Each structure stands twice: as C-alpha cells, then as structure tokens.
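Coordinate inspection notes
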Amino acid sequence: MSDSERVTYTLTVNGADRRVEDAWYFETLLEVLRNRLGLTGTKFACGTGQCGACTVHIDGLPVNACLELAALDEGRQITTIEGYSPSDGSLTPLQEAIVTCVDVQCGYCVPGMVMSAAALVAEQPGASAEDVREGLCGNLCRCTAYGGFVEAVRQVAADGSAS
Amino acid sequence: MTGILLTPRGLEDAVAAHRDHPLAQLVAGGTDVVADLNRGVPATGFVSLRGVAELRGVELRDGQWRLGAMATIADLRANSDLSSASTAVGQATRSLGSRQIRNRATVGGNVCGGGNHRTLVPVLLALDATVDVVGPEGSRSVALSEVLAPKGCRLVTGEILAAVQFASSVGPQRFYRVGPRNAACYATASVAVVLDEPNKAIRLALGGVAPTAIRAPAAETIGSAGVDWCNRTVTDEVAAAFGAAAAEAADPVSDFVASADYRRHAVEVMARRALRHIFEEDRA
C-alpha cells in the first residue's frame, strides 16, 4: 500500500531485480519497461489491449504490458523480448522460423508476436494452423503478414521447440 | 492527477479501503481501467483487488457454481466442466478478448464494468445468476439483473462485488454473437439461450441491444410453451416466433459499429438459430 502519488518498488525483469524509484502510481508496466528501465523491445501501439505489440510474460502468462499497473507487478516474474531472446545474440527456433516464413515490412509487431507465440506453443504443443490463428488473435500486424506468422508458429508447434 | 494506489490483502481491508477512499477506482484485471488511463482519463487513485484471495476461485458446491469476482476469464476456461464447448460459458469465453486479455479480465469487471457489450453478462443472465455483494454493512445476494447498469454498476456506495453464482444442472445452452471480427472485440449483438430442463423453461438473454444486457421474457414464454419437452423438438414456427419476440424485446441504438436495424435483425436470427440448434444437437 502506498501513501503518496510517487511509489518506489522492485520489479523482477528477465531474472534480475530492477529498482523503480519515485514512479507515478499509475504508470503502466509498458511505460516503466520502456522509459525507466530502457527495455524498448516491448512496443507501444494502441494502449487499449487490442494490438498485442506490448505482450510480455508475467509468471509465464502472456499479458498486455500497456494494461498493467507496474506497481502491482512487484514479486512477479516479468519476461520481455530481451529476456526471451538468447543472450549470445542467436535466435530461438521460433524466431528462426519467423525470419524464414514471414515477410514483414515494418517489424513493429514482431516482439509482441514472438512473446505471444512462445506462450501459445508452450501451452498448446502440436497446435494446428487454426489453433494458431485463434491463439494469436490478440496480436495485430498492420503489414498483414499473418499467413507467414501462422505458418512459422505452426511449424514450431509441430516440432515442439519454441525456445 | 491525484490519488494513491491501495493494495488491500483481504476482503475486509478492501471494503475498508473502498469506504475510506471513495474517489479511488476499484481495479480488478485493469483491462478497462488502465485502457481508459491510456486514453487520457485522469487517475483519481486506485484500489487494486488483485491481492484479495477471497475474491478468486471458481468452484462447484452443492450444485451451484461460484465464480469469484476476481476469477479471470482464463481461470473460467481452465475449468473444463464450467467451460466445455457445450456450455454457454465455454462458448462465450472463447470469444472474449484475446489470450492476453483473458489472463487479466475478470468476472467482476464484466459485471461491474457497465454497458451492454460485455461478453459474459448475457450468459450469466440466461443462467439466472445471482451476485454476492460485500460492503461496510455486511453482505447480501441479489439477482444479477439488479446490479447491471449502462455505466458501472448499481451497488450501494462502499459495496464490492464478491462473486457470481448460478445452478450447475440446467440443460443445453448456446451463446451466439456477431461482431466486427471473430475474436478480440466486443460483440455488436449477442444472444444466450439456456434450457432450464428441471423447470421446463427456456431463458433468453440479449447483449448489445439495450442499455444493459437484458432478458427477453416474452420470447421465453413463447419458447417455454412452444417446445415439445417430451420429444425434445421445436418446430420452425415456434423458433421463428421466439426469434421475432427476441427482436421485439430489443431496443438498440445505431452507432458507428452497426445500425439499430442490423442489431435487431441479428438477435432475431441468432435467437431463432440458437433454439433450433440446441434441439438439433440434442438429437445428433
């Protein structure tokens, strides 16, 4: 419980404790990740939970970071695209499949799409193309590269190796 | 912007925080409240109910489902009895938001968020749900329809929605909707039909066609009296009259999503089909 408009708390992001000092109590997780912690892989687009560009995992579940009050996420395991991606700069099988299958023009949706797809593959190994279409309905790609995304995720779901 | 963030750890604390900070907004999953914040609605303080364990949980006890107000849509879907493909809850929650939204959106937010576009509310109305409410003066139970409102909900100042309850053993049920897309959007219009077999009654609720989701009693009477309960059939004439009465009960508005005529037509067709499909599936 806080007694002022400014709050200080610790977030566990990609396995590391990150101190957030003197933030407004109403700052979203997306704002804190991008503006205070410098983790700009997670994108802002709609701010209303429709586009999925800000998808992160909290305790393993995909959620929209733009709809989270950051101060409420103390003590939870937050994973962003920076933490999902291998630290040596290589790509996961899911990321490789997306590079191979998807012709994106701008790439803005990709971090959210990857985080959403990674959770989907973990949840539904062997997901069909239909399952993938339904499962990724919370991620919009305005370049409309959906066919490639569905094919990439379906392949990885069939192989059972997202990360 | 003013206000503070309160994070009560129990129901008693939550009721006290809500009473002591009347300007602070209750936040359940945040999928509405934080979206409003991003749209520029100024924050006046928040009381987050996330830490209130008593409000979570989905359980079946003595033939009654009890859905905690803080149960997420994902929690409902994780219960295979509650959310099988043959239940209206299962059908509706599959179309509610995206996976990301379902991990946060709650039963309480659907009921208390207000409006006529909530996906779960018509289903709960057709299931004849009651709601448990807790406040500074104690707790009470009331019909779901009594608390629905075009904006927010009709609770006494200081009260918090604790749970939604409904009988588990009813009968076949259907939820249909039309919307701008197949998922992750609000329904333009929706219908939920439940066959209450023990009482030989049909219950119909409509979404998107009145200031809140509503029941359609005249259509229910036509359906209950018109179906052949012994042979488990319904004639085309009864189904058509049921649909027409559903359209009659609708009082929709025209807006940027759809015209009133479209919404009225949609509930007529969906109510008619839902009734027929329930019986066709029953025989299959």
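Because the structure is predicted, anything quoted here is derived from the model rather than measured.

The rules behind each value
- Residues numbered from 1 in each chain as written.
- Chains lettered and ligands numbered in written order.
- Predicted model: local features only at pLDDT ≥ 70, side-chain atom pairs only at ≥ 80, totals over all residues.
- Helix = DSSP H or I, 4+ residues; strand = E, 2+ residues; numbered from the N terminus.
- Rg over C-alpha atoms; globule rule 2.2 N^0.38 Å.
- Buried ≥ 20, exposed ≤ 12 C-beta atoms within 10 Å, placed from the backbone.
- Contact = placed C-beta atoms within 7 Å.
- Nonpolar A, V, L, I, M, F, W, Y, C, P; charged D, E, K, R; others polar.
- Pairing = 2+ DSSP bridges.
- Domains from an automatic or database assignment.
- Axes fitted to C-alpha atoms, helices over the stretch in contact; angles between N-to-C directions.
- Core = buried A, V, L, I, M, F, W, Y, C linked by C-beta atoms within 7 Å.

As a further point, take the overall build of chain B. A count of helical and extended segments in chain B gives 11 helices and 12 strands. Since a compact globule built from 284 residues should have a radius of gyration of about 19 Å, the 19 Å found for chain B is in line with a globular shape. Within chain B, the proportion of its 284 residues that are buried is 54%. Across chain B, contacts joining residues at least 24 apart in sequence account for 62% of those joining residues at least 6 apart.

This brings us to the overall build of chain A. Check the secondary structure of chain A and you find six helices and five strands. Beginning at the N terminus, the succession of helices and strands in chain A can be written as β-β-α-β-β-β-α-α-α-α-α. Based on the C-alpha atoms only, the size of chain A along its principal axes is roughly 50 × 30 × 25 Å. Across the 163 residues in chain A, those meeting the buried criterion constitute 48%.

On to the interface of chain A and chain B. Listed by partner, the interface residues are 30 residues for chain A and 25 residues for chain B. Mapped onto the side of chain A that touches chain B, the elements with two or more residues apiece are strand S4 (61-64) and helix H5 (129-135) of chain A. Sorting elements by how many residues they give to the side of chain A that touches chain B places S4(A) first, with four residues. Residue composition of the side of chain A that touches chain B, grouped by class: 13 nonpolar, 13 polar and four charged.

Let's shift gears to the pairing of strand S10 (residues 189-196) of chain B. All names here are of chain B. With seven of eight residues buried, S10 is to be regarded as a mostly interior element. In terms of strand pairing, strand S9 (residues 173-178) meets S10 through six bridges, oriented antiparallel. In the strand pairing of S10, Arg174 is matched with Val193. One ladder, built from seven bridges, connects S10 with strand S11 (residues 201-207); its direction is antiparallel. Along S11, the bridge assignment pairs Val191 with Leu206. Remark: four residues form the turn of the hairpin made by S10 and S11, two consecutive strands paired antiparallel; Lys200 in that turn has positive phi of roughly 45 degrees.

Our next topic: the domain arrangement of chain B. All names here are of chain B. The domains assigned to chain B are domain 1 (5-48), domain 2 (53-167) and domain 3 (173-283). Placing the centre of domain 1 and that of domain 2 at their C-alpha centroids yields a distance of 18 Å. Domain 1 puts 13 residues into the contact, and the matching count from domain 2 is 18 residues. Here the side of domain 1 that touches domain 2 takes five residues from helix H1 (residues 11-20), the largest share from any one element.

The next subject is the domain arrangement of chain A. Residue and element names in this part refer to chain A. Split by domain assignment, chain A resolves into domain 1 (6-80) and domain 2 (93-159). Here the C-alpha centre of domain 2 lies 22 Å away from the C-alpha centre of domain 1. Domain 1 puts 13 residues into the contact, and the matching count from domain 2 is 10 residues. Elements with a contribution of two residues or more to the side of domain 1 that touches domain 2: strand S3 (55-58) and S4. With three residues, the top contributor of residues to the side of domain 1 that touches domain 2 is S3.

Looking now at the sheet that holds S3(A). Residues and elements named next belong to chain A. In space, the five strands of this open sheet follow the order S2-S1-S5-S3-S4, with mixed pairing throughout. Strands with a single pairing partner mark the edges of an open sheet, and in this sheet they are strand S2 (16-24) and S4. Along the sheet, successive strands turn relative to each other by an average axial angle of 40 degrees, direction set aside. Of the strand pairs in this sheet, S3 and S4 are connected by four bridges, and their pairing is antiparallel.

Time to look at the nonpolar core. Formed by 149 residues in total, the largest nonpolar core has its most connected members in A:Val153, B:Val191, B:Val193, B:Leu206, B:Ala246, B:Val267 and B:Ala271. Broken down by element, the residue count for this core peaks at nine residues, all from helix H4 (residues 110-123) of chain A. In this structure, B:Val191 is in contact with B:Pro122, B:Tyr176, B:Leu204, B:Leu206, B:Ala246, B:Val267, B:Met270, B:Ala271 and B:Ala274, ignoring residues within four places of it in sequence.

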